[in-house]
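# A structural walkthrough
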Amino acid sequence: MSHAHHSPAQQPAPAVAARNGLGLTALILGLVGALSGLVPILFWLSGTLGLIGLVLGLVGRSRAKKGSATNRKTALAGVLLSLAAFALGVWGLVVVVTAFGDAADELDKELDSGAAAAVRVVR
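Residues numbered from 1 in each chain as written. Predicted model: local features only at pLDDT ≥ 70, side-chain atom pairs only at ≥ 80, totals over all residues. Heavy atoms only, no water.

### Let's talk about the overall build of the protein chain
Counting secondary structure elements, the protein chain contains three helices and zero strands. Counting from the amino terminus, the protein chain carries its helices and strands in the arrangement α-α-α. Counting only residues that meet the buried cut, the protein chain has 23% of its 123 residues in that class. Considering only intrachain contacts with a sequence separation of at least 6, the fraction spanning at least 24 residues in the protein chain is 77%. Accessible area of the protein chain: about 8,800 Å², with a carbon and sulfur share of 70%. (Helix = DSSP H or I, 4+ residues; strand = E, 2+ residues; numbered from the N terminus. Buried < 20%, exposed > 50% of the residue type's maximum accessible area, 1.4 Å probe, protein only. Contact = heavy atoms within 4.5 Å. Areas by Shrake-Rupley, 256 points an atom, 1.4 Å probe, with all protein chains shown as cover.)

As C-alpha coordinates, then:
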(Lines give C-alpha, C1' and ligand atoms only; values in the text may rest on other atoms or scores of the structure.)
Protein backbone atom coordinates (compact mmCIF):
# COMPACT_ATOMS: atom_id res chain seq x y z
CA MET A 1 0.00 0.00 0.00
CA SER A 2 1.44 3.34 -0.96
CA HIS A 3 1.00 6.31 1.16
CA ALA A 4 0.10 9.23 -1.00
CA HIS A 5 1.01 12.47 0.59
CA HIS A 6 -1.90 14.81 0.21
CA SER A 7 -1.07 18.38 1.03
CA PRO A 8 -3.94 20.63 1.93
CA ALA A 9 -4.92 23.10 -0.75
CA GLN A 10 -3.03 26.32 -0.44
CA GLN A 11 -5.26 29.17 0.58
CA PRO A 12 -4.50 32.44 -1.16
CA ALA A 13 -3.27 35.11 1.21
CA PRO A 14 -5.97 37.61 2.11
CA ALA A 15 -5.67 40.83 0.18
CA VAL A 16 -4.33 43.69 2.23
CA ALA A 17 -6.53 46.75 2.05
CA ALA A 18 -4.89 49.76 0.52
CA ARG A 19 -3.98 52.41 3.06
CA ASN A 20 -5.00 55.56 1.20
CA GLY A 21 -5.96 57.76 4.15
CA LEU A 22 -2.80 59.84 4.34
CA GLY A 23 -2.83 60.94 0.72
CA LEU A 24 -6.50 61.89 0.89
CA THR A 25 -6.00 63.73 4.18
CA ALA A 26 -3.08 65.65 2.68
CA LEU A 27 -5.25 66.64 -0.28
CA ILE A 28 -8.04 67.91 1.97
CA LEU A 29 -5.66 69.78 4.29
CA GLY A 30 -3.87 71.32 1.32
CA LEU A 31 -7.14 72.45 -0.24
CA VAL A 32 -8.50 74.00 2.96
CA GLY A 33 -5.10 75.54 3.70
CA ALA A 34 -4.77 77.04 0.22
CA LEU A 35 -8.26 78.51 0.38
CA SER A 36 -7.66 79.99 3.82
CA GLY A 37 -4.30 81.34 2.61
CA LEU A 38 -6.14 83.66 0.22
CA VAL A 39 -7.16 85.68 3.30
CA PRO A 40 -3.88 87.08 4.71
CA ILE A 41 -5.08 87.29 8.32
CA LEU A 42 -5.56 83.49 8.28
CA PHE A 43 -1.84 82.93 7.62
CA TRP A 44 -1.54 80.89 10.83
CA LEU A 45 -4.20 78.41 9.65
CA SER A 46 -2.85 78.17 6.13
CA GLY A 47 0.73 77.63 7.24
CA THR A 48 -0.19 75.03 9.83
CA LEU A 49 -2.46 73.04 7.52
CA GLY A 50 0.11 73.29 4.74
CA LEU A 51 2.89 71.94 6.92
CA ILE A 52 0.81 69.05 8.29
CA GLY A 53 -0.54 68.24 4.82
CA LEU A 54 2.96 68.26 3.37
CA VAL A 55 4.21 65.71 5.89
CA LEU A 56 1.16 63.47 5.44
CA GLY A 57 1.35 63.74 1.65
CA LEU A 58 5.00 62.72 1.60
CA VAL A 59 4.27 59.72 3.82
CA GLY A 60 1.32 58.85 1.56
CA ARG A 61 3.55 59.00 -1.51
CA SER A 62 6.06 56.76 0.23
CA ARG A 63 3.31 54.23 0.94
CA ALA A 64 2.21 54.39 -2.68
CA LYS A 65 5.77 53.71 -3.87
CA LYS A 66 5.99 50.68 -1.55
CA GLY A 67 2.68 49.36 -2.88
CA SER A 68 0.68 49.61 0.34
CA ALA A 69 -1.42 52.47 -1.06
CA THR A 70 -2.99 52.96 -4.46
CA ASN A 71 -3.45 56.72 -4.53
CA ARG A 72 -0.11 58.01 -5.77
CA LYS A 73 -1.69 60.88 -7.76
CA THR A 74 -3.92 61.92 -4.85
CA ALA A 75 -0.93 62.03 -2.53
CA LEU A 76 1.02 64.07 -5.10
CA ALA A 77 -1.86 66.54 -5.41
CA GLY A 78 -1.94 66.75 -1.61
CA VAL A 79 1.78 67.52 -1.48
CA LEU A 80 1.47 70.24 -4.14
CA LEU A 81 -1.59 71.87 -2.57
CA SER A 82 0.03 71.71 0.85
CA LEU A 83 3.13 73.43 -0.51
CA ALA A 84 0.90 76.14 -1.98
CA ALA A 85 -0.94 76.49 1.35
CA PHE A 86 2.34 76.84 3.24
CA ALA A 87 3.63 79.43 0.75
CA LEU A 88 0.38 81.39 1.07
CA GLY A 89 0.76 81.22 4.85
CA VAL A 90 4.24 82.74 4.64
CA TRP A 91 2.93 85.41 2.25
CA GLY A 92 0.07 86.19 4.65
CA LEU A 93 2.49 86.52 7.55
CA VAL A 94 4.59 89.01 5.59
CA VAL A 95 1.49 91.01 4.58
CA VAL A 96 0.11 91.15 8.14
CA VAL A 97 3.45 92.08 9.74
CA THR A 98 4.05 94.77 7.12
CA ALA A 99 0.53 96.17 7.57
CA PHE A 100 0.88 96.32 11.35
CA GLY A 101 4.31 97.96 11.01
CA ASP A 102 2.93 100.59 8.64
CA ALA A 103 -0.02 101.24 10.94
CA ALA A 104 2.31 101.67 13.91
CA ASP A 105 4.46 104.13 11.94
CA GLU A 106 1.38 106.16 10.95
CA LEU A 107 0.18 106.18 14.54
CA ASP A 108 3.57 107.42 15.73
CA LYS A 109 3.51 110.22 13.13
CA GLU A 110 0.02 111.28 14.18
CA LEU A 111 0.92 111.23 17.86
CA ASP A 112 4.13 113.19 17.24
CA SER A 113 2.35 115.83 15.14
CA GLY A 114 -0.46 116.06 17.70
CA ALA A 115 2.04 116.50 20.55
CA ALA A 116 3.86 119.25 18.63
CA ALA A 117 0.59 121.08 17.98
CA ALA A 118 -0.37 120.79 21.64
CA VAL A 119 2.98 122.29 22.70
CA ARG A 120 2.43 125.28 20.32
CA VAL A 121 -1.07 125.89 21.69
CA VAL A 122 0.14 125.88 25.32
CA ARG A 123 2.89 128.46 24.69
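What follows picks up the thread again.
### Side note on the pattern of salt bridges
All chains considered together, the criterion is met by one salt bridge. Note that Glu106 and Lys109 form a salt bridge whose closest N and O atoms lie 3.9 Å from each other. Taken as a pair, Glu106 and Lys109 lie in helix H3 (residues 72-122) at a separation of three residues, close to a single helical turn. (Salt bridge = Lys/Arg side-chain N within 4 Å of Asp/Glu carboxyl O.)

### Comments concerning the side chain of Ser82
Mapped onto the elements, Ser82 comes out in helix H3. A residue is classified by how much of its surface remains accessible, and Ser82, at 0% relative accessible area, is buried. Within the structure, the side chain of Ser82 is placed 2.7 Å from the backbone oxygen of Gly78, a separation counted as a polar contact. Apart from residues lying up to four places away in sequence, Ser82 is in contact with Ala26, Gly30, Gly50, Gly53 and Leu54. (Polar contact = N/O pair within 3.5 Å; in protein donor to acceptor, adjacent residues only side chain to side chain.)

### Details of the confidence of the model for the protein chain
The pLDDT averaged across the protein chain works out to 87; a share of 80% of its residues lies at or above 70. Ranking the helices and strands of the protein chain by mean pLDDT puts helix H1 (residues 21-37) first, with 96, and H3 last, with 88. (pLDDT = per-residue confidence, 0-100.)

### Considerations on a negative patch on the surface
A surface patch of like charges, here negative, comprises Asp102, Asp105, Asp108 and Asp112. With respect to the helices and strands, Asp102 occurs in helix H3. On the accessibility criterion, Asp102 (46% relative accessible area) is partly exposed. (Patch = residues over 30% accessible without salt bridge, like charges linked within 9 Å, V, L, I, M, F, W, Y side chains within 5 Å. Lys, Arg positive; Asp, Glu negative; His and termini not counted. Charge placed at Lys NZ, Arg CZ, Asp CG, Glu CD.)

### A closer look at the side chain of Ser46
Within the secondary structure, Ser46 is located in helix H2 (residues 43-66). Residue Ser46 is classed as buried on the basis of its relative accessible area of 0%.

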